[in-house]
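What follows is each chain in one-letter form.
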Amino acid sequence: MSAFTAAIDPSVCAPLPVLGQDVTVPLVTGGEVTYAALDYAASAPALQRVWDDVAAYAPYYGSVHRGAGYLSQLSTDLFENSRRTVAEFLGCRAEDQVVFTRSTTDSLNLLAAAIPADCQVFVYETEHHASLLPWRDAQVTYLNAPRTPGQAVETLERALADRDPYGPALVCVTGASNVTGELWPVKELAAAAHAHGARIVLDAAQLAPHHPVDIAELDVDWVAFSGHKLYAPFGSGVLAGRADWLQAAEPYLAGGGASRKVARRADGGVYVDWHTTAARHEAGSPNVIGVYSIASACKALTDAGFDSLVAREQELVGRVRAGLAEVPEVQVLSLFGDDAPRVGVISFVVRGWNSSHFAAALSAEYGIGVRDGLFCAHPLVRTLLGSDPQDPGECGAPEAEPGERSLNAIRVSFGAGTPDEHIDRFLRAVTELVREGAQWKYRTEDGRCVPDRGTAAQV
């Protein structure tokens, strides 16, 4: 765990400027309030610096790898320099490739399409669906949820030792849970995988925005993450790591850019010589702005002092956990226990409350945006709530009336752009809602709990 910890004075770092920090939203009880965005785990707001960088480049936008004109050459240089920036940000080894994708989900589906035909995949049931589900054409072993980091390593070692036949294997594991925020023992899991002849891919979607990620230090084979969780706009992602399986696989998409040479054959068919570089899996016109925004975010986090950002976030994590602990009706969800290191992602349930109702009241009455549901990690949330992990559940609010218990949870998440006031408001709101109840009536509409606009009086 040492690779993910820092002991820095949190006072040296202020929140980073992000888009939307001055947006006001109406309250159902009257008036407006500055929106408190506490749903970073779903999508973090874009850094102002990233937006400014993109705006400065936009007039010079041109096709990449396609043109001789000045703007095309400028855009190509920007695109490839962004690749180098991301490689440096991730501590890539000299032989590693950085492939640009649409998201973490896209990155892991790309890797799933590139694994050898006889590869066995090992994945914990605790994973986000982006890393739980892509391995449809492989022999998959789903590992039960561990209750300690040590148990996670032991479970993996036993599964790898027992595999039959003994051939290529891949382990997929998260760096930080998108439900509990807890850090996983990635370096130890990588060592266990390699000791048994397996490779490992790190889902860093929730880790990279909160902690430095160093591929070489962690000794993982690949890292995947999304730009929209790293304070960049939607639509871009990264798969970085070993090149051999990617070079040996058929291109993820067939088309221009992935091909180096195309010619007609004498038999009337078409001969294609595919690239062996990252371009092999980047067919089509690339998302230059998305790629540049990721690189800009990497630079911004590095320049701000990532260790200082980590330390400030840990101070916020401590405040939220301490505040929630003062409300007996609140149960914080955890796999590894209260002392486990974690990022700014905390899920909880409130006794006597439907989670959708509680989240709706936070939004409508306090201007606080959180998420309720199963967080695209259905087996994990079911396990943490003590229900049957085989229950398929449903992503989003259940068809339950406000006030009824529901088998889903509430998630609050924050990061480098979160001001202290948003945390203070959230804790005050939780306390008031539990002790005094909601000020407004709510109803279920299209599977979501919403304020009853037809009710003029408070309840």
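Residues numbered from 1 in each chain as written. Predicted model: local features only at pLDDT ≥ 70, side-chain atom pairs only at ≥ 80, totals over all residues. Heavy atoms only, no water.

(A) Spotlight on unusual backbone geometry. At the junction of Asp164 and Pro165, the peptide bond is cis and its omega measures out at 5° in the coordinates. Topologically, Pro165 is positioned in the loop between helix H5 (149-161) and strand S7 (169-174). You will see that Phe375, though not glycine, has its phi angle at about 55°, which is positive. Of note, Asp446 is a non-glycine position whose phi angle comes to about 55°, a positive value. By the element assignment, Asp446 lies in the loop between strand S18 (442-445) and strand S19 (448-451). (Helix = DSSP H or I, 4+ residues; strand = E, 2+ residues; numbered from the N terminus.)

(B) Representation of H5. Between the first and last C-alpha of H5 there are 19 Å, a value that for 13 residues agrees with the 18 Å anticipated at 1.5 Å per step. Here H5 has its buried residues at Ala152, Val153, Thr155, Leu156, Ala159 and Leu160. Down the axis of H5, the buried side of the element spans an arc of 160°, and every buried residue falls inside it. Against the buried residues of H5 lie strand S5 (120-124), strand S6 (139-143), S7 and helix H6 (186-195). (Expected span 1.5 Å × (residues − 1). Buried < 20%, exposed > 50% of the residue type's maximum accessible area, 1.4 Å probe, protein only. Arc of directions from axis to C-beta. Contact = heavy atoms within 4.5 Å.)

(C) Inspection of the sheet that holds S6 at higher detail. The strand order across the open sheet formed by seven strands is S4-S10-S9-S8-S7-S5-S6, and the pairing between neighbours is mixed. Strands with a single pairing partner mark the edges of an open sheet, and in this sheet they are strand S4 (97-101) and S6. For this sheet the average axis-to-axis angle between neighbouring strands, irrespective of direction, equals 20°. Strand contacts of helix H3 (residues 104-114): S4, S7, strand S8 (199-203), strand S9 (222-226) and strand S10 (237-241), with the helix running at about 150° to S9, the strand carrying the most contacts. (Pairing = 2+ DSSP bridges. Axes fitted to C-alpha atoms, helices over the stretch in contact; angles between N-to-C directions.)

(D) Inspection of empty space enclosed by the protein at higher detail. As enumerated under the stated definition, the model contains one cavity of 30 Å³ or more in all. The calculated volume of the largest cavity comes to roughly 70 Å³. Lining the largest cavity are Cys13, Pro209, His210, Tyr231, Leu301, Phe306, Leu309, Val310, Arg312, Glu313, Gly415 and Ala416. Considering each element in turn, the lining of the largest cavity owes the most residues, five residues, to helix H10 (residues 306-325). Here the residues of the lining of the largest cavity sort into eight nonpolar, two polar and two charged. (1 Å grid on protein atoms, 1.4 Å probe; cavity = no way out; pocket = protein on both sides within 12 Å on 5 of 7 lines; lining within 4 Å. Points joined across faces, edges and corners; volume = space filled by probe spheres on them. Nonpolar A, V, L, I, M, F, W, Y, C, P; charged D, E, K, R; others polar.)

(E) Spotlight on the packing of aromatic side chains. Scanning the entire structure with this criterion turns up 11 aromatic pairs. Between Trp353 and Phe358, the ring centres sit 4.9 Å apart and the planes meet at 85°, which makes this aromatic pair edge-to-face. For Trp353, a relative accessible area of 13% gives the class buried. Here the aromatic cluster, defined as three or more aromatic residues joined through ring pairs, consists of Phe348, Trp353, Phe358 and Phe426. (Phe/Tyr/Trp six-rings, centres within 6.5 Å; stacked < 30°, edge-to-face > 60°.)

(F) A look at the sheet that holds strand S17 (residues 409-413). Read from one edge of the open sheet, four strands run S13-S14-S17-S16, paired in antiparallel fashion. Here the strands that pair on one side only, and so sit at the sheet edges, are strand S13 (330-332) and strand S16 (371-373). For this sheet the average axis-to-axis angle between neighbouring strands, irrespective of direction, equals 30°. Bridge count for S16 against S17 is three bridges, and the pairing is antiparallel. Across the sheet, Arg371 pairs through a bridge with Arg411, a residue of S17.

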